[in-house]
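# Summary of the model geometry
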Amino acid sequence: MSTIRTNKSSQTGRSGVKTKARPPKAPPDFQLLILTLILTGFGLLMVFSASSSFTLLGSKFRNDPLYFALPQLQYAVLGIFVMLITMNIPYKKFKKLFIPMFFLTFILLVAVLFMPAVNGAHSWIRIGSFTLQPTELAKISTILYLAALISKKGERFRDLRSGFMPVFVIVSVIAGLVMLQPDFGSCMILVLACLLVIYAGGASMKHILGSMLIVAVMLGLFLGAKELLTPKSADEASANSSYRVDRIQAYLDPFADPKGSTQNLLNSLIAVGEGGTTGAGYGQSIQKLSYLSNPHNDFIFAIIGEEFGFIGTAAFLLLYLYFLWRGLLVSLRCPDIFGTLTGVGIVGLIGIQAFINIGGVTNTIPLTGVTLPFISHGGTSLLITLFSMGILLSISRDSKKANSSIKQESTETVTVPERRPALYRSR
């Protein structure tokens with residue numbers, strides 16, 4: 001019997017010296033890449049469809065139908081360029097870069113609190129015509145921080161004092177800074193995605209449930225103290241209180257005030273219902289014509305429902321679900337715990353935000369005013385999401401490499417019958 005080795009670990013160079021063979025660089029997950037490009041392209045089409053009519057007729061938008069679509073296209077091109085570069089960087093390098101990214105995020109979250117409020121929130125840093133939303137950067141940098149910290153702690157992470165508490169403090173500080181803006185929707189997305197990473201990292205359920213209770217109590221105390229300590233006029237206090245009550249009232253009864261507080265939600269439901277089976281057709285939405293505020297942003301899913309109907313909306317949701325499933329599959333196949341936790345966190349951020357946006361538009365949950373990833377208008381959101389996808393595609397390279405290594409090891413040594421001369425075979 002003879003042995004044939006099919007996977008050589010060394011090569012002989014011209015000088016006769018054996019050198020270790022470098023394994024070929026695995027390609028990124030092709031399906032995940034194509035799905036990302038499809039969703040980004042569809043988002044550009046929907047931003048143009050949802051915004052072109054009212055910007056063409058609005059003097060404050062310079063009567064430009066591309067007022068929102070063109071900047072979104074520019075951010076998309078930049079984001080795809082960043083994604084292509086990032087997916088060729090080994091994701092393990094982000095295990096060393098997470099500290100400067102995290103501290104940069106912390107500084108920006110503090111700085112944004114001193115910026116002028118837009119729609120009652122200190123959420124944007126404006127430098128000339130460029131705007132930055134630090135909350136979007138906070139999401140991915142916190143996920144990277146948690147993934148690196150949990151993978152470093154290993155089994156010690158299950159210990160409350162030395163393992164879980166440092167992670168809990170980090171998430172609480174970042175979530176608190178986001179709430180100071182205030183941005184409850186983004187805070188909820190961040191906390192839920194971090195809890196998903198913490199659970200995937202092997203934390204004890206009693207620690208997770210206890211931390212959720214503490215966060216709920218702290219959030220209640222924070223909101224109460226803010227209302228008491230922030231000086232406001234009677235009209236401002238009444239408006240803020242009315243704003244929160246209106247959202248709950250709209251969720252419980254969208255028909256309560258059809259020309260006032262529940263108008264947006266009611267028109268959103270009308271848009272989805274008017275779509276019927278096949279929809280009104282691309283660009284033919286009626287509700288985007290001054291009936292819905294921000295149809296290109298918070299309520300863009302309602303425009304999808306009206307223009308593409310049940311069939312188109314179902315196809316879009318199935319595509320989105322397959323994208324999330326593919327991303328989760330890539331993450332779980334990664335042999336490195338840091339890669340797995342980072343991938344799970346990125347998929348969790350996108351999936352949770354999509355659920356909150358679609359749930360609010362369809363009155364499944366109360367409105368929170370968050371965007372639909374890849375689809376809604378928002379330059380910073382799209383740029384950071386595509387950057388995150390670059391990291392996930394880099395993780396997919398390692399996942400493919402690990403799978404191919406397993407297959408090679410299973411066929412590395414093959415035993416075959418020895419071919420003997422006829423003289424010996426006749427004996």
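Data block above holds the structure.
These remarks concern the structure in this document. (Residues numbered from 1 in each chain as written. Predicted model: local features only at pLDDT ≥ 70, side-chain atom pairs only at ≥ 80, totals over all residues. Heavy atoms only, no water.)

### Quick word on the packing of helix α1 (residues 30–57) against helix α10 (residues 300–333)
Contact geometry for α1 and α10: axes closest at 10 Å, N-to-C directions at 155 degrees. In terms of orientation, α1 and α10 fall into the roughly antiparallel class. Seen from above, α1 lies across α10 with left-handed handedness. Partitioning the contact of α1 with α10 into residue classes produces 18 nonpolar, four polar and two charged. (Axes fitted to C-alpha atoms, helices over the stretch in contact; angles between N-to-C directions. Helix = DSSP H or I, 4+ residues; strand = E, 2+ residues; numbered from the N terminus. Parallel < 35°, antiparallel > 145°, perpendicular 65-115°, else oblique. Left-handed = near helix turned anticlockwise from the far one by under 90°. Nonpolar A, V, L, I, M, F, W, Y, C, P; charged D, E, K, R; others polar.)

### Focus: the packing of aromatic side chains
On inspection of all chains with the given rule, the structure shows 18 aromatic pairs. Here Tyr67 and Phe68 contribute two aromatic rings whose centre-to-centre distance is 5.1 Å and whose plane-to-plane angle is 85 degrees, an arrangement assigned as edge-to-face. The class for Phe68 is buried, based on a relative accessible area of 12%. Joined through ring pairs, the aromatic side chains of Phe42, Tyr282, Phe301, Phe308, Phe316, Tyr320, Phe323 and Phe374 make up one cluster. (Phe/Tyr/Trp six-rings, centres within 6.5 Å; stacked < 30°, edge-to-face > 60°. Buried < 20%, exposed > 50% of the residue type's maximum accessible area, 1.4 Å probe, protein only.)

### Description of helix α9 (residues 263–274)
Taking 1.5 Å of rise per residue, 12 residues should cover 16 Å, and α9 covers 16 Å from first to last C-alpha, within 8% of that figure. Leu265, Leu266, Asn267, Ser268 and Ala271 are the residues of α9 that are buried. In the stretch just after α9, Gly276 is the one whose phi turns positive, near 60 degrees. (Expected span 1.5 Å × (residues − 1).)

### Examining the nonpolar core
If you look at the biggest cluster of nonpolar residues, it comprises 94 residues, and the most contacted ones within it are Tyr320, Phe323, Leu372 and Phe374. Those residues in contact with Tyr320 that lie beyond four places of it in its chain are Leu39, Ile350, Ala354, Leu372, Pro373 and Phe374. (Core = buried A, V, L, I, M, F, W, Y, C linked by side-chain atoms within 4.5 Å. Contact = heavy atoms within 4.5 Å.)

### Re the side chain of Ser381
Relative to the helices and strands, Ser381 resides in helix α12 (residues 379–410). A relative accessible area of 11% places Ser381 in the buried class. When near neighbours in sequence (up to four residues on either side) are disregarded, Ser381 contacts Glu136, Gln353 and Thr371.

### Notes on unusual backbone geometry
Residue Pro182 is bonded to the preceding Gln181 through a cis peptide linkage, with omega at -10 degrees. Of note, Pro182 is situated in the loop between α5 (160–179) and α6 (184–200). For Asn63, which is not glycine, the phi dihedral falls at a positive 50 degrees. The backbone of Asn294 shows a phi angle near 55 degrees, a positive value even though the residue is not glycine. Judged by its relative accessible area of 38%, Asn294 is partly exposed.

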